[in-house]
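# Structure assessment
Take a look at the letters that make up each chain.
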Amino acid sequence: MTDGLEDIRHNWRREEVEELFRQPFNDLLHRAHVLHRRHQQVNTVQVSTLLSIKTGGCPEDCKYCPQSVRFDTGLQREELLDTGEVVEAARAARDAGATRFCMGAAWRSPKGRDLERVAAMIGEVKALGLETCATLGMLDAQQAQALHRAGLDYYNHNLDTSEAFYGEIITTRTYQDRLDTLERVRDAGMKVCCGGILGMGESVADRASMLHTLATLPAHPESVPVNQLVRVPGTPLEDAQPLDPLDMVRTIAVARILMPGAHVRLSAGRSAMSDELQALCFFAGANSIFYGEQLLTTGNPGEDADQNLFRRLGLTPEPGPGVPDSLSGGDAKEGVAG
Ligand code: SAM
Ligand code: DTB
Ligand code: SF4
């Protein structure tokens, strides 16, 4: 019997990762599931809720994103929400069964007093007994430290794709900019949430390369969101070739094998997925979801649908830091376990 620590490696070679993607589906899933069982609670899923605290008008040119000012997606632009509105949404998310609340802003990076205002939100959301996460664009070291001081648990900043394919998707900041922000988040003492998007026209080699970059960071991200592209009309990727659903499962399985200790999130795109496909993703190693009818600007399965999914699969939400047992134990009226 081993303690499983030898499974946590930072010296993966890119060819090894590509080899995983080439494995027969059953072999890959078996290997991923064994590791999932050894390192995670397989019937438990971490439940996060997202809120867009500042919507649209973003100067960046990420080709997948409905919030870029460069694309006409008909999105109503909004200024930074008041703390009161954010706290109200966080309380509702907690009462519905979420244990982590993630605040997203359509910024290249926070400017001026933005950070103070977000810091105030973080303090109040944390006081509700929720884990806090934010995704605000690039950070400098001082900004990362200020967010940590404010009580931020996780910072989400995605690599999105491989370094090689990145230039096809975003031209207004570099891959190295992203890696620099991730390092600052880590150095400031926060947990890292970092993943990417599938279905943008990338190759299997690009998916392997992105996961290889994540798995060879000095520390693995605690949270790895795997998003399926939500094809929003008006964005340059609105007509992207639909993803083969089994490629979502494969990518989650490879992420689980490479980073056994991380939470792997079955992230955007669940509205387009059947319960059966999601079940395969959970078997392959996914153990986190976004919960609630809205992601940032696009839809997500309703709470009823997810409660039903959890019931069908015998899944329970992972308890949060300050959530009473009644919410995570199955006797909550409206919780995801209910
Ligand atoms: N503006 C900040 C940034 O880009 O770092 C934070 C918010 S941004 C919307 C967060 C992440 O959402 C992106 O990195 C991308 O991975 C994901 N995302 C945005 N639009 C998406 C879409 N249409 N489909 C799937 N994921 C998407
Ligand atoms: C992540 O990886 N996915 C989330 C979160 N991190 C911020 C965002 C998904 C956004 C999907 C498109 C939208 O709703 O605007
Ligand atoms: Fe702006 Fe973030 Fe959207 Fe890129 S992904 S356009 S940085 S909101």
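In every chain, residue numbers begin from 1 and rise along the written sequence. In the order they appear in the text, chains get letters beginning with A and ligands get numbers beginning with 1. For a predicted model such as this one, the threshold for reporting local features is a pLDDT of at least 70, and the threshold for listing and counting side-chain atom pairs is 80 or more; totals across whole chains, interfaces and linings nevertheless cover every residue. Side-chain figures throughout are based on the complete set of non-hydrogen atoms in the structure, without hydrogens or water.

### Considerations on the overall build of the chain
Strands are runs of DSSP state E lasting at least 2 residues, helices are runs of H or I lasting at least 4, and numbering of each runs from the N terminus. Regarding its fold elements, the chain presents twelve helices and ten strands. Relative to a compact globule of 338 residues, whose C-alpha radius of gyration would be 20 Å, the chain shows 19 Å and is just as compact. Considering only C-alpha atoms, the chain reaches an extent of 50 × 50 × 40 Å along its principal axes. Note on classification: 1.4 Å probe, protein chains only; a residue is buried when its accessible area is under 20% of the maximum for its type, exposed when over 50%, partly exposed between these limits. In the chain, which comprises 338 residues, the proportion classed as buried is 57%. In this tally Asp and Glu are treated as negative and Lys and Arg as positive; neither His nor the chain ends contributes. Here the site of a charge means NZ on Lys, CZ on Arg, CG on Asp, or CD on Glu. On the chain, the mean spot of the 34 positive side-chain charges and the mean spot of the 47 negative ones are 2 Å from each other. With the radius of gyration taken over C-alpha atoms, the globule rule is written as 2.2 Å times the number of residues to the power 0.38.

### As for helix H3 (residues 83–96)
In this scheme, a helix's expected span is set at 1.5 Å multiplied by one less than its residue total. Helix length check: H3 (14 residues) gives 20 Å between terminal C-alpha atoms against 20 Å at 1.5 Å per residue, within 8%. Among the residues of H3, those classed as buried are Val-86, Val-87, Ala-90, Ala-93 and Ala-96. Throughout, a residue-residue contact means that at least one pair of heavy atoms, one from each residue, lies within 4.5 Å. The inward-facing, buried residues of H3 abut strand S1 (44–54), strand S2 (100–105), helix H4 (114–127) and helix H11 (303–313). Gly-97 sits one or two positions beyond H3 and adopts a positive phi of about 120°.

### Here we look at the nonpolar core
Residues Ile-53, Tyr-64, Leu-136 and Leu-147 are the most contacted members of the largest nonpolar core, which totals 93 residues. Tallying contributions element by element places helix H9 (residues 245–258) first for this core, with eight residues. The nonpolar core is taken to be a set of buried Ala, Val, Leu, Ile, Met, Phe, Trp, Tyr and Cys residues, with the residues joined through side-chain atoms within 4.5 Å. Counting residues in hydrophobic clusters, the runner-up holds seven residues, among them Leu-50, Cys-102, Phe-290 and Leu-295.

### Observations regarding the packing of H4 against helix H5 (residues 141–150)
Here an angle of 0 to 180 degrees is reported between the N-to-C directions of two axes, which are lines fitted to C-alpha atoms, with helices fitted over the stretch in contact. Running from amino to carboxyl end, H4 crosses H5 at an angle of 25°, the nearest separation of the two axes being 9 Å. Judged by the inter-axis angle, H4 sits roughly parallel to H5. Pair H4 / H5 crosses with right-handed handedness. Of the residues in H5, those in contact with Leu-115, Val-118, Ala-119, Ile-122 and Gly-123 of H4 are Gln-143, Ala-146, Leu-147 and Ala-150. Here the term charged refers only to Asp, Glu, Lys and Arg, the term nonpolar to Ala, Val, Leu, Ile, Met, Phe, Trp, Tyr, Cys and Pro, and the term polar to all other amino acids, Gly among them. Class assignment of the residues belonging to the contact of H4 with H5 gives a composition of seven nonpolar, two polar and no charged. Note on angle classes: values under 35 degrees are labelled roughly parallel, values over 145 roughly antiparallel, values of 65 to 115 roughly perpendicular, and the remainder oblique. Rotating anticlockwise by less than a right angle from the far helix to the near helix defines a left-handed crossing, while the corresponding clockwise rotation defines a right-handed one.

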